[in-house]
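# Observations on the three-dimensional arrangement
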Amino acid sequence: MSITPTPRVGIVVVAAGSGERLGAGAPKAFVGIDDHSILNHALRGVFRGPVAQVVVVAPAERAGDALTEALAVADRTDAAAPLPSGRRRDLVHVVAGAATRQGSVAAGLGALWAGIEVVLVHDAARALTPPEVFERVVAAVDETGAGVVPVLPVVDTLKRVAGSDVVEAVDRAPLAAAQTPQGFPRDVLDAAYRAAAAEFTDDTALVAAAGGRITTVPGHASAFKITTPADLERARSLVQDAGAYVQPHPHTSLAGAPAAPRVGIGTDVHAFGGEGELWLAGLRWPGEPALSGHSDGDAVAHAIVDALLAAAGLGDIGTHFGVDRPEFAGAHASAFLRRTLGLLGEAGWRVGNVSVQVQAGRPRFAARRAEAERTLSDALGGAPVSVSATTTDGLGFTGRTEGVAAFAVALLIPA
Ligand SMILES: Nc1ccn([C@@H]2O[C@H](COP(=O)(O)OP(=O)(O)OP(=O)(O)O)[C@@H](O)[C@H]2O)c(=O)n1
Ligand SMILES: C[C@](O)(CO)[C@H](O)COP(=O)(O)O
């Protein structure tokens, strides 16, 4: 980690819920508010708050997507408000969540660095929480040494009911609606989590049950939780109206000039011995032996994916297409390349060009080179792709036709 000074604040962003009440057919944090997801918007407020280690807790099968979102928002925030030293992306961690919110928070706490003294726990579902709430909560934890919850007064008249009958009026004066981020001295929160013997809906309730003191700070109307379709509509219209969420491009300099293009390199190797037909460079090769692999074993496409992701600083193929992504089992080049193109676009990049070399005793590429280049280029939205091939003169595992190796270089340009 190259951030100085090392942050003393850690923010656990819980985003592993399924969002049943929203009913959007996808984990809630990955549902779009506009072109960007609930998680993406939530992280904008997080990164604009105090400099902090940021642990995103995501559904295990969406951890790669969560990392992509977090790195993109970290870079955007850096472009708009650079830190005196280091980059926000070096403060990002993603861990897999659990079946309950409390379990997900516990998973996030386990990823905090040793030097973290103050911990904030925040619902990604409170996507439009402004940065000042994070600052306010940290300041109150420092001042009081207590657990801190942002609250809003209850505005509706309240009734206690039994079935459809009103039993009594409830005095709303002593009531408050709890929001996040909720903040704690780290030792207090860790101890309370170790002692927890029941499920609580929020962290201040858990800490209070362990005997901890809790105090409040003012919450914010925009920090409402996106729970139902009506909440999502509210968030959408707020974002549309505000325009405040438009940030400078992630790869522009402070003066607004485009930053330099970036290159990346990628390599992949697959052995012959797979089932079915050979797929290589996005083409089907009837009569040729298949390569083995979780997907179709297309080493050319995979090397290109790695080169593109490396150029963007978005990890590698395992980050986004690992064996935990069943939808990519058996998938062909176009699925990988299109998804990669989407990730690059999200992070603010377009593809300049790609050059890939195949080392293989078979198949022979010369007759199908142009077809391979067209196919790969189409999958990358028309970016030029050059394919060259060599037989390595019979040397090595490729020369012995035990497998195929591919080496790719990619150039990315700020979009
Ligand atoms: N197992 C869980 C459950 C919830 N959360 C997170 O905790 C926050 C508050 O939960 P809620 O909004 O109630 O989300 P869901 O559990 O996803 O919603 P629902 O109850 O409608 O399924 C959300 O940011 C959610 O992603 C989590 O990380 N892990
Ligand atoms: C912590 C919390 O945001 C408090 O409002 C929490 O996520 C509550 O979840 P619930 O759906 O309101 O029980």
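Each chain has its residues counted from 1, following the order in which its sequence is written. Throughout, the order in which chains and ligands are written sets their labels, letters from A for the former and numbers from 1 for the latter. Given that this is a predicted model, residues contribute local features only at a pLDDT of at least 70 and side-chain atom pairs are listed and counted only at 80 or more, while totals for whole chains, interfaces and linings are drawn from all residues. Based on all heavy atoms of the structure, the side-chain values leave hydrogens and waters out of the count.

### Overview of empty space enclosed by the protein
Here the idea is plain: a probe the size of a water molecule rolls over the atoms and shows the empty space left. For cavity detection a 1 Å grid was placed over the protein atoms alone, and a set of points counts as a cavity when a 1.4 Å probe fits there but cannot get out; an open set counts as a pocket when protein lies on both sides within 12 Å along at least five of seven lines, with lining residues being those that have an atom within 4 Å of a point. Grid points are joined across faces, edges and corners, and a volume is the space filled by probe spheres set on the points. With the rule as written, the count across this model stands at one cavity of 30 Å³ or more. The computed volume of the largest cavity comes to approximately 50 Å³. Together, Val46, Phe47, Gly49, Pro50, Val51, Ala52, Val54, Leu83, Arg88 and Leu91 line the largest cavity. The way it works is that DSSP assigns letters per residue, a run of H or I at least four long becomes a helix, a run of E at least two long becomes a strand, and they are numbered from the N terminus. Looking at the lining of the largest cavity, the elements that each hand over two or more residues are helix H1 (38–48) and strand S2 (52–58). Lys, Arg, Asp and Glu make up the charged group, whereas Ala, Val, Leu, Ile, Met, Phe, Trp, Tyr, Cys and Pro make up the nonpolar group; the residues left over, Gly among them, are polar. Class assignment for the residues of the lining of the largest cavity results in eight nonpolar, one polar and one charged.

### A few points about the site of ligand 2
A single heavy atom is enough: if one lies within 4 Å of a molecule or strand, its residue is considered near that molecule or strand. Near ligand 2, the surroundings consist of Arg21, Arg101, Asp123, Arg126, Ala178, Thr180, Thr201, Asp202 and Lys225. Between Asp123 and ligand 2, the recorded distance is 2.4 Å, taken from a side-chain N or O atom to an oxygen atom. The term polar contact refers here to a pair of N or O atoms within 3.5 Å; inside protein, the definition further demands a hydrogen-donor-capable atom paired with an acceptor-capable atom, and it admits residues adjacent in sequence only when both atoms are side-chain atoms. The side chain of Lys225 places a nitrogen or oxygen atom 3.0 Å from an oxygen atom of ligand 2. What sets the accessible areas is the Shrake-Rupley method with a 1.4 Å probe; for residues, cover comes only from the shown protein chains. With the chains in place, 75% of the 350 Å² that ligand 2 exposes on its own is no longer accessible. Assignment of a molecule to a cavity or pocket requires that more than half of its atoms lie within 2 Å of the corresponding grid points. The cavity that encloses ligand 2 is the largest pocket. Of the residues assigned to the shell around ligand 2, the class counts are one nonpolar, two polar and six charged.

### What to know about the layout of surface pockets
The space that makes up the largest pocket amounts to roughly 730 Å³. For the largest pocket, the lining is made up of 30 residues, of which Gly17, Arg21, Lys28, Arg101 and Lys225 are closest to its centre. Along the lines of polarity and charge, the residues of the lining of the largest pocket split into 12 nonpolar, 10 polar and eight charged.

### Remarks on the confidence of the model for the chain
Residues of the chain with pLDDT of at least 70 account for 94%, and the chain-wide mean is 91. At the level of chain-chain contacts, confidence expressed as ipTM amounts to 0.95, with global pTM at 0.66. One confidence number per residue, pLDDT, is output by the predictor and ranges from 0 to 100.

### Some points on the site of ligand 1
For ligand 1, the set of nearby residues contains 18 residues, the closest of which are Val14, Gly19, Glu20, Lys28 and Ser104. Measuring from an oxygen atom of ligand 1, one finds a backbone N or O atom of Ala125 at 3.2 Å. Look at ligand 1: alone it shows 560 Å² of surface, and the protein chains cover 87% of it. A molecule is said to occupy a pocket when more than half its atoms come within 2 Å of that pocket's grid points, and by this definition ligand 1 occupies the largest pocket. Taken together, the residues of the shell around ligand 1 break down into seven nonpolar, five polar and six charged.

### Observations regarding the sheet that holds strand S15 (residues 385–390)
Note: two strands are recorded as paired if DSSP finds a minimum of 2 bridges between them. If you walk across this open sheet you meet the four strands as S11-S16-S14-S15, and the pairing is mixed. Because the sheet does not close on itself, it has two edges, and the strands there are strand S11 (262–271) and S15. Taking the axes of each pair of neighbouring strands and ignoring which way they run, one obtains an average angle of 15° across the sheet. Here 10 bridges tie strand S14 (residues 349–359) to strand S16 (residues 403–414), and the two strands are oriented antiparallel to one another. The residue of S16 that forms the bridge with Arg350 is Ile413. Contacts are assigned to residue pairs with any non-hydrogen atoms lying within 4.5 Å of each other. Geometry is summarised by axes, namely lines fitted to C-alpha atoms with helices restricted to the contacting stretch, and by angles between N-to-C directions that run from 0 to 180 degrees. Most of the contacts of helix H8 (residues 299–312) go to S11, to which it runs at about 150°, and overall it touches S11, S14, S15 and S16.

### Details of the pattern of salt bridges
Should a side-chain nitrogen of Lys or Arg be within 4 Å of a carboxyl oxygen of Asp or Glu, the pair is scored as a salt bridge. Under the definition given, this model contains 17 salt bridges. Between Arg62 and Asp65 there is a salt bridge, and its shortest N-O distance comes to 2.7 Å. One salt bridge in this structure joins Glu168 and Arg160, with 2.7 Å as the shortest N-O distance. Summary of the burial criterion: residues with accessible area below 20% of their type's maximum are buried, those above 50% are exposed, and those between are partly exposed, where the area comes from a 1.4 Å probe applied to protein chains only. For Glu168, a relative accessible area of 37% corresponds to the partly exposed category. A cluster of three or more residues bridged by salt bridges with shared partners is formed by Arg101, Asp123, Arg126 and Asp203.

### As for the packing of H1 against helix H2 (residues 63–80)
In contact at an axis separation of 9 Å, H1 and H2 are set at 40° when each is read in the N-to-C sense. With respect to each other, H1 and H2 are oriented oblique. Where H1 crosses over H2, the handedness of that crossing is right-handed. Every residue of H2 that contacts H1 at Leu39, Asn40, Leu43, Arg44, Phe47 and Arg48 is listed here: Ala66, Glu69, Ala70, Val73, Ala74, Thr77 and Ala80. For the contact of H1 with H2, the residue count by class is eight nonpolar, two polar and three charged. For this classification, under 35 degrees means roughly parallel, over 145 means roughly antiparallel, 65 to 115 means roughly perpendicular, and everything else is oblique. By convention, the crossing between two helices is left-handed when the near helix turns anticlockwise from the far helix through less than a right angle, and right-handed when the turn is clockwise.

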